[in-house]
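The residues making up each chain are set out below.
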Amino acid sequence: LVATGGFLAILTLWENRRKNDQEHMRQVHAERRTRYATAIEQLADEKAPIRLGGVYTLVKLVDEWLADEKTLPDKEERREEGQVIINSLCAYIRSPFELAFRYDELSQNKPSPHGVYRDNHQDFYMHKAELLAEAKVRQQALQEIHRRLRHFPQGDRRNYVEGSWSGFEYDFSNSVFFYPVDMKDSWYQNSVDFSGCTYYASAEFSGSTYGRSAYFCDSTYYDWVFFNNSTYCGEAQWSGSTYHDSARFNWSVYYGEVSFHDSVYGGSVFFDQSLYYDEVLFYSSTYRGEAGFDGSLYRGSVFVNDSVFEGEVSLYGSVFCGALNFGTDF
């Protein structure tokens, strides 16, 4: 009887502890979801500092979910919770901002004599301030994501590995970036989508690793953009894009099919010193400035047909192991 009573007491204590742990887990999860809902509301606030506060809350929540092995032992469940918040951050960056389409005029120091603000200088300075404030919020959101997409062991900035947020999927498609984009040295385990985007300022994607598909197609770049020194393990697409300034794709490795076709390059563009393992599509494009293809190795077929080269073209030192279709006009 004594032994039985002791065993029952232990079972009771164990059951009470289990219930307390479950209740604590429910409270922790409920508190996070409440903070999440509040942060989403903050992103729609009229005041930029409150919107920025919402961004910081969402970022902190992702970090909390990923680190919480105690109340959520399953790693995949933690990732799923974080992915929901990542989707919200990406949706905010993608969301339309009306004043962004007046970037050309609002980025000036004073109203243009031929612009929409020529007769209303007060609106010009007010809208300029609104655009700058929103740019800072969105740029900070992108920067917080960027910081967690790479990690430098022992502070060695020459050798980085995947970061704590590298395992998520990212959808930035159809975003309008009215602020500089800095995503260099990023490491993506899964697909990333930057298709259909508009970049009014510079964009930096160099030194990055893409574990799966990477989509940058159907985009417009008004300033310079760098994709050099990167590794693409899956399909990579830049087709249908327009570049008003210089573009760099050199010193990169492409393991999957690469698409650059149906694009317009207004400035210089360089694809040199790269390694292509699969098919490469350059066809039906216009090159108005210098185009460099030097020192590259193409293991698959290359198609450059129906393209127009208005500037200097260089293929010095390149090796083509597959079929080469270069029926084009120089």
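Use the structure listed above.
As the structure is a prediction and not an experimental result, all values here were calculated from the model.

1. Focus on the overall build of the chain
For step 1, the next point in the chain: Scanning the chain from terminus to terminus reveals five helices and 31 strands.
For step 2, the next point in the chain: For a compact globule of 330 residues, the expected C-alpha radius of gyration is about 20 Å, and the chain comes in at 25 Å, more than 25% above that figure.
For step 3, the next point in the chain: For the C-alpha atoms alone, the extent of the chain along its principal axes is close to 100 × 60 × 35 Å.
For step 4, the next point in the chain: For the chain, buried positions account for 46% of its 330 residues.
For step 5, the next point in the chain: For the chain, the share of sequence-separated contacts (at least 6 apart) that also reach a separation of at least 24 residues comes to 29%.
For step 6, the next point in the chain: About 16600 Å² of surface is accessible on the chain, with carbon and sulfur atoms providing 50% of the total.
For step 7, the next point in the chain: Side-chain charges of the chain comprise 31 positive and 47 negative groups, with the mean position of each set lying 9 Å from the other.

2. A closer look at the environment of Glu81
For step 1, the next point in the chain: Positionally, Glu81 belongs in helix 3 (residues 75-94).
For step 2, the next point in the chain: Sequence separation between Glu81 and Ser241 is 160 residues; the distance between their C-alpha atoms is 34 Å.
For step 3, the next point in the chain: Glu81 has contacts with Arg33, Trp65 and Leu72, leaving out every residue within four places of it along the chain.

3. With respect to the packing of aromatic side chains
For step 1, the next point in the chain: In the structure shown here, the tally under the stated rule is 53 aromatic pairs.
For step 2, the next point in the chain: On the numbers, 6.4 Å between centres and 40° between planes, the contact of Phe177 with Phe194 is tilted. Residue Phe177 is located in strand 4 (residues 176-177), and its partner Phe194 is located in the loop between strand 7 (192-193) and strand 8 (198-199); the two are separated by 17 residues in the primary sequence.
For step 3, the next point in the chain: Using a relative accessible area of 0% as the deciding quantity, one classes Phe177 as buried.
For step 4, the next point in the chain: We note Arg32 situated over the ring of Trp65; from NZ or CZ to the ring centre the distance is 4.7 Å.
For step 5, the next point in the chain: For Arg138, the ring lying beneath its charged end belongs to Tyr92, and the centroid distance is 5.2 Å.

4. Comments concerning the sheet that holds strand 19 (residues 258-259)
For step 1, the next point in the chain: With respect to topology, eight strands assemble into an open sheet ordered 3-7-11-15-19-23-27-31, the strand pairing being parallel. One side of each edge strand has no neighbouring strand; the edge strands of this open sheet are strand 3 (170-171) and strand 31 (324-325).
For step 2, the next point in the chain: Note: strand 7 against strand 11 (residues 214-215), two bridges, orientation parallel. Considered in strand 11, the bridge of Asp193 is made with Tyr215.

5. A word on the pattern of salt bridges
For step 1, the next point in the chain: In this structure the tally under the stated criterion is 14 salt bridges.
For step 2, the next point in the chain: A salt bridge links Arg33 to Glu81; the shortest N-O distance between them is 2.5 Å. Placement of the pair is Arg33 in helix 1 (residues 2-42) and Glu81 in helix 3, with a sequence separation of 48 residues.
For step 3, the next point in the chain: Linked through salt bridges whose partners overlap, the residues forming this network are Glu31, Arg32, Arg35, Glu64 and Asp68.

6. Let's talk about the sheet that holds strand 26 (residues 297-298)
For step 1, the next point in the chain: Read from one edge to the other, the open sheet built from seven strands follows the order 6-10-14-18-22-26-30, with strand pairing classed as parallel. The open sheet has two free edges, formed respectively by strand 6 (187-188) and strand 30 (319-320), since each of these has just one partner strand.
For step 2, the next point in the chain: As paired strands, strand 14 (residues 231-232) and strand 18 (residues 253-254) are joined by two bridges and run parallel to one another. By the bridge assignment for strand 18, Tyr232 is matched with Tyr254.

7. Quick look at the environment of Ser107
For step 1, the next point in the chain: Inspection of the secondary structure assignment puts Ser107 in the loop between helix 4 (103-106) and helix 5 (121-147).
For step 2, the next point in the chain: Taking the C-alpha atoms as reference points, Ser107 and Leu132, separated by 25 residues in sequence, lie 8.9 Å from one another.
For step 3, the next point in the chain: A distance of 2.8 Å separates a polar atom in the side chain of Ser107 from the backbone oxygen of Tyr103.

8. Things to note about the packing of helix 3 against helix 5
For step 1, the next point in the chain: It is at 10 Å that the axes of helix 3 and helix 5 come closest, and there the two elements cross at 145°. Helix 5 is crossed by helix 3, and the crossing has left-handed handedness. Here Leu89, Tyr92 and Ile93 of helix 3 come into contact with helix 5, specifically with Glu134, Val137, Arg138, Ala141, Leu142 and Ile145.
For step 2, the next point in the chain: Its residues placed into classes, the contact of helix 3 with helix 5 shows seven nonpolar, no polar and two charged.

9. A few points about the side chain of Arg51
For step 1, the next point in the chain: Tracing the backbone shows Arg51 in helix 2 (residues 48-67).
For step 2, the next point in the chain: Judged by its relative accessible area of 9%, Arg51 falls in the buried class.
For step 3, the next point in the chain: Within the structure, Arg51 has its side chain in polar contact with the side chain of Glu134 (distance 2.8 Å).

10. Some thoughts on the packing of helix 2 against helix 3
For step 1, the next point in the chain: Contact pair helix 2 / helix 3: the axes reach a minimum separation of 8 Å and the direction vectors enclose 160°. On the basis of the axis angle, helix 2 is roughly antiparallel to helix 3. Relative to helix 3, the crossing made by helix 2 is left-handed. In this structure, helix 2 uses Arg51, Val55, Leu58, Val59, Leu61, Val62, Trp65 and Leu66 to contact helix 3, whose residues at the interface are Arg78, Arg79, Glu81, Gly82, Ile85, Ile86, Leu89 and Tyr92.
For step 2, the next point in the chain: Class assignment for the residues of the contact of helix 2 with helix 3 results in eleven nonpolar, one polar and four charged.

11. Here's the deal with unusual backbone geometry
For step 1, the next point in the chain: Even without being glycine, Asp218 reaches a positive phi, approximately 55°.
For step 2, the next point in the chain: For Asp218, the position within the fold is in the loop between strand 11 and strand 12 (220-221).
For step 3, the next point in the chain: A positive phi angle, close to 55°, is found at Asp262, a residue other than glycine.
For step 4, the next point in the chain: For Asp262, a relative accessible area of 41% translates into the label partly exposed.

Parameters at a glance
Residues numbered from 1 in each chain as written. Predicted model: local features only at pLDDT ≥ 70, side-chain atom pairs only at ≥ 80, totals over all residues. Heavy atoms only, no water. Helix = DSSP H or I, 4+ residues; strand = E, 2+ residues; numbered from the N terminus. Rg over C-alpha atoms; globule rule 2.2 N^0.38 Å. Buried < 20%, exposed > 50% of the residue type's maximum accessible area, 1.4 Å probe, protein only. Contact = heavy atoms within 4.5 Å. Areas by Shrake-Rupley, 256 points an atom, 1.4 Å probe, with all protein chains shown as cover. Lys, Arg positive; Asp, Glu negative; His and termini not counted. Charge placed at Lys NZ, Arg CZ, Asp CG, Glu CD. Phe/Tyr/Trp six-rings, centres within 6.5 Å; stacked < 30°, edge-to-face > 60°. Lys NZ or Arg CZ within 6 Å of the ring centre and 35° of its normal. Pairing = 2+ DSSP bridges. Salt bridge = Lys/Arg side-chain N within 4 Å of Asp/Glu carboxyl O. Polar contact = N/O pair within 3.5 Å; in protein donor to acceptor, adjacent residues only side chain to side chain. Axes fitted to C-alpha atoms, helices over the stretch in contact; angles between N-to-C directions. Left-handed = near helix turned anticlockwise from the far one by under 90°. Nonpolar A, V, L, I, M, F, W, Y, C, P; charged D, E, K, R; others polar. Parallel < 35°, antiparallel > 145°, perpendicular 65-115°, else oblique.

Don't take any of this as a statement about function, it's just geometry.
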